[in-house]
Structure formats: C-alpha cells, structure tokens
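# Analysis of the macromolecular model
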Amino acid sequence: MQNADPNELDKFSQLAHRWWDPNSEFKPLHEINPLRLEWIDRHAKLAGKNVLDIGCGGGILSESMTCRGAEVTGIDLSDKALGVARLHLLESGVNVEYKKISAEEFSTQAAGTFDVVTCMEMLEHVPNPASTIAACAALVKPGGHVFFSTLNRNPKAYLLAVIGAEYILRMLPKGTHEYAKFIKPAELSRWTRSVGLEPDELIGMSYNPLSQRYSLTNNTDVNYLMHTVKMT
C-alpha cells in the first residue's frame, strides 16, 4: 500500500538535514509557505480543526498550521525527513504528531477522521497520484476540506519549473521534478470528482525572478493549488 517511488524518497532523504535552512534547497518551500498557509486558512479556518498533512517532509507546513490553532498530524515515508521534523519540534515548541505511514494505509485506520487534509507538492512525486487522492477523500470528514498543490503539464511549465528553476536559476536541485509526472488541472479535477471531492477554487502561484517574490495569481500555467470539499 506504499504508493511511493524509492528514488524520490531517497532524493529528499539525502537533503532532509537542510529542510529548515531557509537558504538551502528548500528555500522555495519556506518562501511559498506563508502564501499557501493564508490560502488554506481562508478556506478552512484552521483554528480548532483536526488536520492531516500528507507528505509533510520536515514539517514546514505542519508546524505553521499548528501555530494557527489546528491539531495537526503529519505523515511521510521518509525516516530522515520525519526525524528532522520531530527534532525541530524541540526548537519550535509546537505540538505536531508525526507518523511514518502512507496515505493509503492510514486511510484504512483513520477514515473520516480529519476536518482538513493537505497534500502539497507531493502528487507529482508519487507513481499513482489518483491513489493518493482517493486516500485523501477517505481520510477527510464529509463536508471537510482537501487542499492540493502541484505542477501543470505543458511546455511553459517544463521551461520554467524544470529548465528555469533547476538549471538556470538553480532554485532547486537538478532532477527535483520529472516533467512526465506533472498533472494538468483537468486531470486533477477529474480524479477528485471521481472520489467525491468537489473542486471549489483553482488558483495559480507565480515567481517573479526580478523581485524574487512569489504570489498567488489566476495564471495556473505552471504551479497551481486546488481547494476541494468532500460531498456529504
């Protein structure tokens, strides 16, 4: 039930010790986190909610949602990333429960448990994204919120997210993304609807290399986020 690519797990495990360094390979995650946190909180009102962060990695989003008053569980399959996440709790003083388990396996143990499920920057790294999406739908309560973020699949996305970000600007390590695994919004919408998750908002995220700032935008050509609600 582990819908995971060992090469992908190894790739991020090798960098795990740098997860909380804002000037490391994870700098883009640190910079986009405030944007995605505000967007999630606007839709789901995190305070007091039971939240699951799938593919939590070192815990950047998990911790920030906890600081908004949510009770957060983070799951991942990387021992090293989870080790870093747990270690950082000693520094931050926040309370997040971390588990090494796949979304699919966890969905058989905790179906319908969570008010909010987040699955950010993960779908483009798993062999079967539809399986992960189905697990998200199983884990969230009826009427609950599921948030996704991923990369569109088109020539512009390849040029900016792979060639530009990895080879020219060197914002990410070479080989971070595999273009064939990028997901078109229509594909993501189809997969979510097939498991009872109704898309509510589709929004893009763009990077300005001159100002070196990220922003939310209506342009979903490259990076995009989708908010869905589980139908009752």
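## Digging into the overall build of the protein
Scanning the protein for helices and strands turns up 8 helices and 8 strands. The C-alpha atoms of the protein give 16 Å as radius of gyration, which agrees with the globular expectation for 232 residues (17 Å, within 12%). Across its three principal axes, the protein shows a C-alpha extent of roughly 45 × 40 × 35 Å. Looking at the protein as a whole, 53% of its 232 residues qualify as buried. Across the protein, contacts joining residues at least 24 apart in sequence account for 70% of those joining residues at least 6 apart. Carbon and sulfur atoms form 52% of the exposed surface of the protein, whose accessible area is close to 10,600 Å². Side chains of the protein carry 23 positive and 27 negative charges; the gap between the two charge centres is 3 Å.

## Brief notes about the sheet that holds strand β1 (residues 50-54)
Two pairing modes exist for strands in a sheet, parallel and antiparallel, and in both the strands are linked by backbone hydrogen bonds. Spatial strand order, β3-β2-β1-β4-β5-β8-β6-β7: 8 strands in an open sheet with mixed pairing. Among the strands making up the open sheet, the edge pair consists of β3 (96-100) and β7 (213-217). Taking each pair of neighbouring strands and ignoring which way they run, the sheet shows an average axis angle of 20°. Strand direction decides the pairing type here: strand β5 (residues 140-151) and strand β8 (residues 223-230), joined by 7 bridges, are antiparallel. Along β8, the bridge assignment pairs S149 with L225.

## Brief notes about the side chain of N33
Of note, N33 is situated in helix α2 (residues 27-44). Take N33: its relative accessible area is 7%, and that puts it in the buried class. Among the polar contacts listed, one links the side chain of N33 to the side chain of R36, at a separation of 2.9 Å. Ignoring any residue separated from it by four or fewer positions in sequence, one finds N33 in contact with I60, L61 and S64.

## Focus on helix α4 (residues 79-92)
Over its 14 residues, α4 extends 20 Å from the first C-alpha to the last, a length consistent with the 20 Å expected when each residue adds 1.5 Å. Among the residues of α4, A81, L82, V84, A85, H88 and L89 are the ones counted as buried. Along α4, the residues classed as buried sweep out an arc of 155° about the axis, all on the same side. Along α4, exposed side chains directed more than 90 degrees from the buried face belong to D79, K80, L87, L90 and E91. Of the surrounding secondary structure, the elements contacted by the buried residues of α4 are α3 (60-67), β2 (71-76) and β3. Within two residues after α4, G93 carries a phi angle of roughly 80°, on the positive side.

## Quick look at the layout of surface pockets
Put simply, the second largest pocket is a space of about 210 Å³. Lining the second largest pocket are 13 residues, and of these K27, E31, R170, M171 and Y207 lie nearest its centre. In the lining of the second largest pocket, the residues fall into 6 nonpolar, 3 polar and 4 charged.

## Describing the pattern of salt bridges
For the structure shown, the criterion picks out 16 salt bridges. Note that E8 and K181 form a salt bridge whose closest N and O atoms lie 3.8 Å from each other. Pair noted here: E8 is in helix α1 (residues 6-13) and K181 is in the loop between α7 (155-168) and α8 (185-194), with a separation of 173 residues, a long-range link. Accessibility expressed as a relative area gives 7% for E8, which makes it buried. In this structure, K99 and E97 form a salt bridge, with 3.2 Å as the shortest nitrogen-oxygen distance. For E97, a relative accessible area of 43% translates into the label partly exposed. When salt bridges with common partners are traced through the structure, they connect D5, E8, K11, E178 and K181 into a single cluster.

Thresholds, definitions, all that
- Residues numbered from 1 in each chain as written.
- Predicted model: local features only at pLDDT ≥ 70, side-chain atom pairs only at ≥ 80, totals over all residues.
- Heavy atoms only, no water.
- Helix = DSSP H or I, 4+ residues; strand = E, 2+ residues; numbered from the N terminus.
- Rg over C-alpha atoms; globule rule 2.2 N^0.38 Å.
- Buried < 20%, exposed > 50% of the residue type's maximum accessible area, 1.4 Å probe, protein only.
- Contact = heavy atoms within 4.5 Å.
- Areas by Shrake-Rupley, 256 points an atom, 1.4 Å probe, with all protein chains shown as cover.
- Lys, Arg positive; Asp, Glu negative; His and termini not counted.
- Charge placed at Lys NZ, Arg CZ, Asp CG, Glu CD.
- Pairing = 2+ DSSP bridges.
- Axes fitted to C-alpha atoms, helices over the stretch in contact; angles between N-to-C directions.
- Polar contact = N/O pair within 3.5 Å; in protein donor to acceptor, adjacent residues only side chain to side chain.
- Expected span 1.5 Å × (residues − 1).
- Arc of directions from axis to C-beta.
- 1 Å grid on protein atoms, 1.4 Å probe; cavity = no way out; pocket = protein on both sides within 12 Å on 5 of 7 lines; lining within 4 Å.
- Points joined across faces, edges and corners; volume = space filled by probe spheres on them.
- Nonpolar A, V, L, I, M, F, W, Y, C, P; charged D, E, K, R; others polar.
- Salt bridge = Lys/Arg side-chain N within 4 Å of Asp/Glu carboxyl O.

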